[in-house]
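Each chain is listed here by its residues.
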Amino acid sequence: MSFTQLQTLTARLNQLDAQGLRRIRHEVESVCQPHLMVDVQTLLAFNSNDYLGLAAHPLVVEALREGASLYGAGSGASHLISGHSQAHERLEELLGMLLSPFVPSVRALTFSTGYMANLGVMTALTDTAKGDITFFSDALNHASLIDGIRLTRESCHVYAHADVSDLSLKLSSCHSGTKVVVTDGVFSMDGDIAPLKEMLALCDQHGAWLLVDDAHGFGVLGETGAGVLQYFNLRSEQLIYMGTLGKAAGVSGAFVAAHEDVIEWMVQRSRPYIYTTASAPALAHALLTSLRLISGDEGRRSRAYLQTLIQQLSTAPIPANWQRMVSTTAIQPLVIGSNAQVLQASADLKAQGIWISAIRAPTVPVNTARLRITLSASHTAQDVDRLVRALSFESIS
Ligand SMILES: *Cc1c(COP(=O)(O)O)cnc(C)c1O
């Protein structure tokens with residue numbers, strides 16, 4: 001009982017408890033849907049990223065089954081050995097088509113996860129620049145973007161959140177040969193949208209790449225769900241777009257869409273692409289169905305319905321000492337403040353049968369602990385109404 005390293009670790013865990021920072025997992029027994037069986041209780045959940053309700057869509061589930069009978073359970077190897085299936089190839093072609101209006105000579109490359117896609121794109125760009133590269137990162141960027149930059153071991157300037165003039169100053173005072181501006185499209189914990197039109201103009205002026213992580217925009221934003229580039233109607237060969245396939249697309253995985261030479265360079269040099277087993281082809285096969293739903297009439301109807309739910313929630317009253325973030329997206333956070341207060345609010349709601357996760361530091365800045373409410377087209381107006389009534393019972397303690 002004297003291995004001090006283990007004792008230190010145990011003490012650190014106890015410290016997390018004392019600070020209200022211990023994270024716990026809940027065991028979900030049902031498919032991804034608003035009414036969940038979780039920890040032996042039925043809860044109305046507002047915390048998934050399944051914005052269009054595709055994770056449990058019968059056609060997507062059926063396509064996954066079909067994919068398994070066509071291609072088996074696993075890919076068996078990495079993409080450059082023998083794991084790159086016809087399903088992956090078709091998925092990349094379809095993604096390329098969806099993004100083609102926004103990036104000239106576009107090509108798409110799929111990854112197993114968005115986290116790896118972000119590591120993959122930034123390390124590949126660094127490999128072209130021979131040490132003469134600087135990253136510019138929004139203060140509220142997702143952890144996977146931050147880790148991607150860390151993995152390159154190159155320099156990074158953090159600019160104030162969505163602040164185009166701060167970004168402009170920082171770009172002007174930097175003399176690196178290669179500049180890469182990196183941003184969430186829709187910010188994952190705040191729900192606001194990056195000012196990409198102005199940012200792309202700056203990148204054009206400074207000869208910089210603009211890498212957009214659209215984990216929360218792909219499938220949801222834009223006329224055909226092509227994401228934030230479609231929402232702003234942007235087009236440039238300086239754009240590098242990362243979209244994920246486990247959120248609105250309802251399955252798993254991610255992709256990078258960029259000029260074909262950027263993609264070919266990644267195939268040659270991106271270590272997070274090369275040195276990992278290709279995802280199950282059945283997932284790619286299921287995604288073909290999911291993407292057709294997204295870009296078709298059903299996707300259009302779902303996005304329109306989701307907008308009505310967003311409108312309903314964002315105009316409803318909230319407890320007086322909570323703060324609503326300015327968001328027009330399906331991410332509608334309520335900032336409460338301290339860890340203890342947000343855990344209490346989350347527990348109170350759970351007692352009323354509603355599940356919303358408490359988001360605390362380091363995911364968000366200290367003292368901005370929040371309830372991150374996410375809406376899905378699979379919610380009903382009655383579900384949102386029930387949430388609004390439950391919130392109104394929250395005391396102003
Ligand atoms: C979820 C998320 C990712 C990671 O994607 P995964 O496919 O879940 O690994 C990357 N960026 C942002 C902004 C995200 O919200």
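In the block above lies the structure referred to throughout.
Residues numbered from 1 in each chain as written. Predicted model: local features only at pLDDT ≥ 70, side-chain atom pairs only at ≥ 80, totals over all residues. Heavy atoms only, no water.

### Focus on the sheet that holds strand S4 (residues 133-138)
The condition that has to hold: Strand pairing requires that DSSP identify at least two bridges connecting the strands. A run of H or I in DSSP becomes a helix once it reaches four residues, and a run of E becomes a strand once it reaches two; helices and strands are each numbered from the N terminus. Axis geometry follows a simple rule: fit a line to the C-alpha atoms, using only the stretch in contact for helices, then measure angles between N-to-C directions, giving values from 0 to 180 degrees. Only heavy atoms matter for contacts: two residues are in contact if any of them lie within 4.5 Å across the pair.
With mixed pairing, seven strands are arranged side by side in an open sheet as S3-S9-S8-S7-S6-S4-S5. The two strands at the open ends of the sheet, each matched to only one other strand, are strand S3 (106-111) and strand S5 (155-159). On average, each strand axis in the sheet is inclined to that of its neighbour by 20°, with strand direction left out of account. In this structure, strand S8 (residues 239-244) lies alongside strand S9 (residues 254-259), joined through four bridges in antiparallel fashion. In the sheet register, glycine 243 faces S9, and the bridge partner there is phenylalanine 255. Its contacts with the sheet put helix H4 (residues 86-99) on S3, S8 and S9, and the angle it makes with S3 is roughly 135°.

### Details of helix H13 (residues 297-314)
So the rule is basically this: Take the number of residues in a helix, subtract one, and multiply by 1.5 Å to get its expected span. Accessible area is worked out with a 1.4 Å probe on protein chains only. A residue is then buried under 20% of its type maximum, exposed over 50%, and partly exposed in between. Relevant arc is that of directions from the helix axis to the C-beta atoms, nothing else.
Between its first and last C-alpha atoms H13 spans 26 Å; for 18 residues at 1.5 Å apiece the expected length is 26 Å, and the two agree. Along H13, the residues classified as buried are Gly299, Ser302, Arg303, Leu306, Leu309, Ile310 and Leu313. Projected down its long axis, H13 carries its buried residues within an arc of 120°, all on one side. Exposed and oriented more than 90 degrees from the buried face of H13 are Asp297 and Arg301.

### Concerning a nonpolar patch on the surface
Note the threshold: A patch is a set of surface residues, each over 30% in relative accessible area and not in a salt bridge, joined within 9 Å for like charges and within 5 Å for the nonpolar side chains Val, Leu, Ile, Met, Phe, Trp and Tyr. A 1.4 Å probe and the Shrake-Rupley method give the accessible areas. Residues count as covered only by the protein chains that appear here. By definition here, a salt bridge exists when the distance from a side-chain nitrogen of Lys or Arg to a carboxyl oxygen of Asp or Glu is within 4 Å.
Side chains of Phe3, Leu6, Leu9, Leu13 and Leu16 sit close together on the surface and give an oily, nonpolar patch of about 460 Å² of accessible area. Summarising the element assignment, leucine 6 is placed in helix H1 (residues 4-18).

### Section: the packing of aromatic side chains
Test applied: A pair of aromatic rings is counted whenever rings of Phe, Tyr or Trp (Trp by its six-membered ring) have centres within 6.5 Å, and the orientation is called stacked for planes under 30 degrees apart, edge-to-face for over 60 and tilted otherwise.
Taken as a whole and assessed by the stated rule, the structure comprises four aromatic pairs. Seen in terms of ring centroids, tyrosine 241 and phenylalanine 255 are 5.9 Å apart; in terms of plane orientation they differ by 45°. Their pairing is tilted. Taken together, the residues span a long stretch of sequence, with tyrosine 241 in strand S8 and phenylalanine 255 in strand S9 at a distance of 14 residues. Feature note: the residues Phe218, Tyr241 and Phe255 constitute an aromatic cluster, connected by ring pairs.

### Structural notes on the pattern of salt bridges
Applying the stated criterion across every chain yields a total of ten salt bridges. Taking the shortest distance from any N to any O, the salt bridge between arginine 269 and aspartate 127 comes out at 3.2 Å. Here arginine 269 is found in helix H10 (residues 260-269), whereas its partner aspartate 127 is found in helix H5 (residues 114-129), with 142 residues between them in sequence. Residue classification places arginine 269 among the partly exposed positions, given a relative accessible area of 41%. Residue arginine 370 pairs with aspartate 190 through a salt bridge whose shortest N-O separation is 3.2 Å. With arginine 370 in strand S14 (residues 369-374) and aspartate 190 in the loop between strand S6 (178-184) and helix H8 (196-206), this pair connects stretches of sequence that are 180 residues apart. Aspartate 190 sits in the buried class, given a relative accessible area of 9%.

### Side note on the packing of H4 against helix H12 (residues 281-295)
Any two packed helices are characterised by how steeply their axes cross, that is the angle between the axes, and by the distance between the axes. Note the cut-off: In this scheme, roughly parallel covers angles under 35 degrees and roughly antiparallel covers those over 145, while 65 to 115 is roughly perpendicular and the rest are oblique. The crossing is said to be left-handed when, going from far helix to near helix, the turn is anticlockwise and less than a right angle, and right-handed when the turn is clockwise.
Between H4 and H12, the least distance of the axes is 8 Å, while the angle of their chain directions is 25°. In terms of orientation, H4 lies roughly parallel with respect to H12. Relative to H12, H4 is oriented so that their crossing is left-handed. Along its contact with H4, which presents Ala87, His88, Arg90, Leu91, Leu94, Leu95 and Leu98, the element H12 presents Pro281, Ala284, His285, Leu287, Leu288, Leu291 and Ser295.

### Focus on the site of the ligand
Applicable threshold: Here a residue is near a molecule or strand as soon as one of its heavy atoms is found within 4 Å of it. Whenever a nitrogen or oxygen atom comes within 3.5 Å of another N or O atom, the pair is scored as a polar contact, on the condition that within protein one atom can donate a hydrogen and the other can accept it, and that pairs from neighbouring residues in sequence are kept only if both atoms are in side chains. Any residue that is not Ala, Val, Leu, Ile, Met, Phe, Trp, Tyr, Cys, Pro, Asp, Glu, Lys or Arg is counted as polar, Gly included; the first ten are nonpolar and the last four charged.
Close to the ligand lie 14 residues, the nearest being Gly114, Tyr115, Asp213, His216 and Lys247. For the ligand, an oxygen atom lies 2.7 Å from a polar atom in the backbone of glycine 114. When the free accessible area of the ligand is taken as 380 Å², the share hidden by the protein chains comes to 81%. No other element matches the three residues that H5 contributes to the shell around the ligand. Among the residues making up the shell around the ligand, the classes are represented as two nonpolar, nine polar and three charged.

### Comments concerning the nonpolar core
We count it as follows: Nonpolar cores were defined as sets of buried Ala, Val, Leu, Ile, Met, Phe, Trp, Tyr and Cys residues, with membership established by side-chain atoms within 4.5 Å. Domain extents, as shown, originate in an automatic or database domain assignment.
Of all hydrophobic cores here, the largest spans 83 residues; its most connected members are Leu99, Val181, Leu196 and Leu229. Ranked by residues supplied to this core, first place goes to H12 with seven residues. For this core, the two domains that each supply at least three residues are domain 1 (21-50 + 297-391) and domain 2 (58-295). Look past the residues within four positions of leucine 196 in its chain and what remains in contact with it is Thr183, Leu210, Val212, Val228, Leu229, Phe232 and Leu234.

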